[in-house]
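Coordinates in review
Residues per chain are reported as follows:
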Amino acid sequence: MTKDKKVYVIDGGFSTQLSVHVGNCVDGDELWSARFNFKNPAAVVQTHLDFLKSGANIILTNTYQASVEGYKTYLQLDEDESLDLIRKTVRLAHDARNKFLAENTQNASTPLIAASIGPYGAYLHDGSEYSGSYAETVPANTIKDWHRRRIAACIEAGVDLLAVETIPCLMEAEVLVDLICHEYPSVKFWVSFQCKDNVHLAHGEDFSDAVNHIWNKVKEYKTENLLAVGVNCVHPANVTPLFKTVNEHVPIEDQLPLIVYPNSGETYDVQKGWYGKEDCVPLESYVPEWISLGARYIGGCCRTYATDIQRIKNKVDEICSKQ
């Protein structure tokens, strides 16, 4: 796989920034932010624009929790309508990018659009994307078929890459790698795991073992399309120990390219909601160490706003200007 040494800044928590435009009605929704692709597409475009204006090199489509089954259940759409809504959602990211470029004609490069491919557990709406428990009860082929239609819809609508994200178990990561490498061998992608601590995936597998297994699995397909492996939607304090298990004693030229877009550091409680903001360490303060450990894609997840991405971007630019 190609080991690009450039550091790319990813956008932040889509539902978090979306709340600036629609109010605090996103968390707890069965479709989460994906409802607004149907309900308020203008707010989705504006949220993408917020991140682009803050310096994001890559924006993720608002498809994390978008699926045929979810739209059938919670929007009463049929299969064709559901797939069309997913394609329209990708086009909202294009609309935002086009508007941004029209307003910033001196922009050095065109931002990339990544299709957000969230885990099967997100559709279940039972928190299992943070445990991976369904890996023991749902057949791999069922998970592959569930992913196949929405991945196809995103690719048909036009994306630069796939963001396979918040994956809690090795089995689902393997399913997605096989699907992408077999059916879309020219499509670039990353794989980002959900981890429960600073050693293990949410489902319990060793993070370092999982990262190396996925990297080597893609190598067997003789493709250069896996951009990075890493973590998202984790506490930022867990990232450095996780990355050290992969790259700490590896020469810089041989480090695996890693990706990280963690939560703000706040804690979520069903009754209290998000709390602990006053105790959070600014994400940009972690950036130098993450880059030294091989991070090539850095952004934010839950509870990170466009302002957080701007600070990460400034720190990345500062570091890269000295290299």
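The structure contained in this document is the topic of the report that follows. (Residues numbered from 1 in each chain as written. Predicted model: local features only at pLDDT ≥ 70, side-chain atom pairs only at ≥ 80, totals over all residues. Heavy atoms only, no water.)

**Some details on the overall build of the protein**
Condition: Per the convention used, a helix needs a DSSP run of H or I reaching at least four residues, while a strand needs a run of E reaching at least two, with both numbered from the N terminus. Between the two quantities, the radius of gyration covers C-alpha atoms and the globule rule is 2.2 Å times the number of residues to the power 0.38. When accessible area is computed with a 1.4 Å probe and restricted to protein chains, residues below 20% of their type maximum are described as buried, those above 50% as exposed, and intermediate ones as partly exposed. Contacts are residue-level and defined by heavy atoms, with any inter-residue pair within 4.5 Å sufficient. Only the protein chains shown count as covering a residue, and every accessible area follows the Shrake-Rupley method with a 1.4 Å probe. Note on charges: Lys and Arg go in the positive column, Asp and Glu in the negative column, and His and the chain ends are not counted at all. Charge coordinates come from a single atom per side chain, which is NZ of Lys, CZ of Arg, CG of Asp or CD of Glu.
Secondary structure assignment for the protein yields twelve helices and ten strands. Computed over the C-alpha atoms, the radius of gyration of the protein is 18 Å, within 12% of the 20 Å expected from 2.2 N^0.38 for a compact globule of 323 residues. With respect to the three principal axes, the spread of C-alpha positions in the protein is 55 × 45 × 45 Å. In the protein, buried positions account for 59% of the 323 residues. In the protein, of all internal contacts separated by at least 6 residues, the share reaching a separation of at least 24 is 77%. Carbon and sulfur atoms make up 49% of the accessible area of the protein, which amounts to about 13200 Å² in all. Across the protein, the 30 positively charged side chains and the 43 negatively charged ones have centroids separated by 5 Å.

**Some thoughts on helix α5 (residues 79-103)**
Heads up, the condition is: A helix is expected to reach a length of 1.5 Å times the quantity of its residues less one. Identification of polar contacts relies on pairs of N or O atoms within 3.5 Å, with a donor-acceptor requirement for protein atoms, meaning one able to donate a hydrogen and the other able to accept it, and with residues adjacent in sequence counted only if both atoms are side-chain atoms.
End to end, α5 covers 37 Å across 25 residues, agreeing with the expected 36 Å (1.5 Å per residue, within 8%). Within α5, burial applies to S82, L83, L85, I86, T89, V90, L92, A93, H94, A96, R97 and F100. In this structure, the buried residues of α5 make contact with α2 (36-39), α3 (41-53), β2 (58-60), α4 (68-75), β3 (112-117) and α7 (140-157). Of the residues that open α5, the one with a side-chain oxygen 3.2 Å from the backbone nitrogen of D80 is D78.

**Some points on the pairing of strand β5 (residues 189-193)**
In plain terms, the rule: Between any two strands, at least two bridges found by DSSP are needed for them to pair. Note on handedness: a crossover is taken as right-handed if, strands pointing away from the viewer, the path from the first strand over the helix to the second is clockwise.
Burial runs high along β5: five of the five residues are buried. Across the two faces of β5 the burial is the same, with F189, V191 and F193 and W190 and S192 all buried. With four bridges connecting them, strand β4 (residues 161-167) and β5 associate as parallel partners. The partner of L162 across the bridge, within β5, is F189. In this fold, β4 hands off to helix α8 (residues 170-183), which returns the chain to β5; that crossover is right-handed. Across five bridges, β5 lies against strand β6 (residues 226-232) in parallel orientation. Of the residues in β6, the one forming a bridge with F193 is V231. On the question of chirality, the crossover connecting β5 to the parallel β6 by way of helix α9 (residues 207-220) is right-handed.

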